[in-house]
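Below are the chains, spelled out letter by letter.
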Amino acid sequence: MKLKLNSEARAILRAIKEEIRRRTVLPESSTLLEKFEPTSDPGEIRRRQEYFREKLPLVKEGIGEYIARVKPIRFRREYLHDRVLIVDESEFERASSFGLCEVSTESVDPSEYPLVLSTVGYGIDVELSPAQIAPELYVLPLWENRETLEALARIGESLGRKSVAREILRELAPLKEVMERRRVLESLDELVAEKERELNEKISEKLERFSLTLTGKELVEFLSELRAGNYDAIFRHFGGIEGEILDLINEAESELGERLGVAVELFPRDEMYPVRAAPERVEALYQELERELKVELYLKSRGILERIAHLLPGLKKELESVKELDFLRAVKDFTRGFSFPELWSGGIAFVNGRHLFIENPQPVSYVVGTKPVNFSVPGSENIADERVVILTGANSGGKTSLLELITQIEVLFHMGFPVPAERAWLEPLDEVFFFRRKRSIYGAGAFETALRSFVRALRGEGRKLILIDEFEAITEPGAAVKIIGELLRIAHGKGFYVVIVSHLGEDLKNELPFARVDGIETKGLDESLNLIVDRQPRFGRIGRSTPELIVERLARKRRGAEREIFERILRAFRP
Ligand SMILES: Nc1ncnc2c1ncn2[C@@H]1O[C@H](COP(=O)(O)OP(=O)(O)OP(=O)(O)O)[C@@H](O)[C@H]1O
């Protein structure tokens, strides 16, 4: 059974949910809030309280940082064009049904596929299973989500659990070297271009220096050799530089080879400067390396998968539970300092309740209905079991805020959450109504609407709490006393719980002997003559009105003739 809320009470439910939602770090976690819609069922409230009592203490500080790093890990079934699977006729149908790669019953030209797998001895031997045919589809998503695995491992450790993520990470480690080479391969073109540029720079430096040395005496010699047709001597002269350039090329190639893990020969020796890597050789090198890496990645992945396959179901569970943990962390953060209310059937009572949206609120204790034995709030000694309360008191004293606080506590209680109070005793209800004061709308329209809403709230039976903020503002005081009086009589007759804010405490008290009148009081003036409000209502007492204190303030601030007049008015308050 859902707890029914009218629209203004529902707005408070929405604000509470938003507080929790904004504390979650994963987008999907707040969907768990759907399981905590306010309920009227005491058994369900108890179960939820049990759940939070058990789970909230498990959430450790600082865990949010790791939760934020958890991303979903998706294993996708893909068709791999880099491999062919050669099988026996009898296996063909099953092998094709995997939809993982080309399947054939005959041997194929191995140059067409970097990877040739077979159940009949043509290439790498495999069994007929997706894990053996395409282990990369399992292992690569895990590799790419190492950060998620690391976060899961940390989260597991914070819960004192052994995490399978840690084990998977350990098994993935040998992949590092292959992946590094893959990365290098992906940038082969840039790598070669870079080397080429470096090499040409060095050669050009050498040539420049060489031409500089060819001055003076050498030049004269050189020209005379030329004139004599003595080409051998000239070539010998140039041969020295040619050898040096060849050395530079060899050096560049061996450096590249080291990075790539194979011997390479990319630069032609015949056209010396500027040197250009032959595109067909770069392409061939790429093909060769790619093929090698594919085989290596396949074999490594297969080995890893054999060792971690049994851990994957556990990993899935760990990922699921992070959502819950994120939700619990948000709840724990939001409900810091709250307490679990006791279920009882006497009404509403709480000690030192703290308004959710007022900063540093003064804690307020309150009771509507039966006073619990342990409710030992000063001034509450003479409370009977009144279910109908009229709340009076100073302007800006905190009357509206108290109605809000009661609604907040009720909503949280029915959600199964702890509530913002030191202690609370709450009865599971069927309906909660909160009617805010309509500040700006006057006239018959507003009056009619408000009256109709109240009557709707009073209709029918059930366990109801009705909170009404100052209704008389939209009608005349005389009429208000009659209307409120009658409404409260009906509520009383049906055993509903009601708190109504009104300045007509005195009149209503006379009309309604069953109702309690409470008052929020201004305690007096501070040194700077500001009003000091005590947010804690006095039980069974009409609030001392503010006008009196304002007169006193003026009497103390003014001088001379004005002061005398103010003092005279003040005396009228104190016969
Ligand atoms: N328990 C509290 N602790 C601290 N500040 C409070 C508390 N309750 C109310 N206030 C502050 O007092 C101011 C007035 O509160 P509120 O509007 O509830 O008073 P009110 O009695 O309903 O006023 P009005 O006379 O306008 O109906 C608000 O700024 C509110 O934040």
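What counts as what
- Residues numbered from 1 in each chain as written.
- Predicted model: local features only at pLDDT ≥ 70, side-chain atom pairs only at ≥ 80, totals over all residues.
- UniProt positions renumbered as here; feature names shortened; annotations may be inferred.
- Near = placed C-beta within 6 Å.
- Helix = DSSP H or I, 4+ residues; strand = E, 2+ residues; numbered from the N terminus.
- Nonpolar A, V, L, I, M, F, W, Y, C, P; charged D, E, K, R; others polar.
- Pairing = 2+ DSSP bridges.
- Core = buried A, V, L, I, M, F, W, Y, C linked by C-beta atoms within 7 Å.
- Buried ≥ 20, exposed ≤ 12 C-beta atoms within 10 Å, placed from the backbone.
- Contact = placed C-beta atoms within 7 Å.

- In the nomenclature of an unreviewed UniProt entry, the chain is known as DNA-binding protein MutS2 of Thermococcus gammatolerans.
- Annotation of the chain in UniProt includes, under Cofactor (unreviewed entry), the sentence "a divalent metal cation".
- Recorded under Function (unreviewed entry), the UniProt text for the chain is reproduced unchanged: "Has ATPase and non-specific DNA-binding activities."

1. Digging into the site of the ligand
Alright, step 1. Surveying the vicinity of the ligand reveals 13 residues, the closest of which are Gly 398, Lys 399, Thr 400, Ser 401 and Arg 535.
Alright, step 2. Sorting elements by how many residues they give to the shell around the ligand places helix α15 (residues 399-415) first, with three residues.
Alright, step 3. A per-class count over the shell around the ligand returns three nonpolar, eight polar and two charged.

2. Thoughts on the sheet that holds strand β9 (residues 388-393)
Alright, step 1. Strand order in the open sheet made by the seven strands is β1-β11-β12-β13-β9-β14-β15, with mixed pairing throughout. With one partner strand each, in any of the chains shown, β1 (4-5) and β15 (531-538) form the two edges of the open sheet.
Alright, step 2. Here five bridges tie strand β14 (residues 516-525) to β15, and the two strands are oriented antiparallel to one another. By the bridge assignment for β15, Leu 525 is matched with Leu 531.

3. Comments concerning the sheet that holds strand β7 (residues 347-353)
Alright, step 1. Sheet architecture is open: four strands sit in the order β6-β10-β7-β8, paired in mixed fashion. Strand pairing shows two members of the sheet lacking a second neighbour, β6 (342-343) and β8 (364-369), which therefore form its edges.
Alright, step 2. Inspection of the sheet shows β6 paired to strand β10 (residues 423-426) by two bridges, in the parallel sense. Bridged to Glu 342 within β10 is Trp 425.

4. Digging into the nonpolar core
Alright, step 1. By size, the foremost hydrophobic cluster in this structure holds 96 residues, and its most contacted members are Leu 467 and Val 498.
Alright, step 2. At nine residues, α15 tops the list of elements feeding residues into this core.
Alright, step 3. With near-sequence residues (within four places) excluded, Leu 467 lies in contact with Leu 403, Ile 406, Thr 407, Phe 433, Phe 434, Phe 435 and Val 499.
Alright, step 4. Judged by nonpolar contacts, the second largest core, of 15 residues, contains Ile 86, Cys 101, Val 103 and Leu 297.

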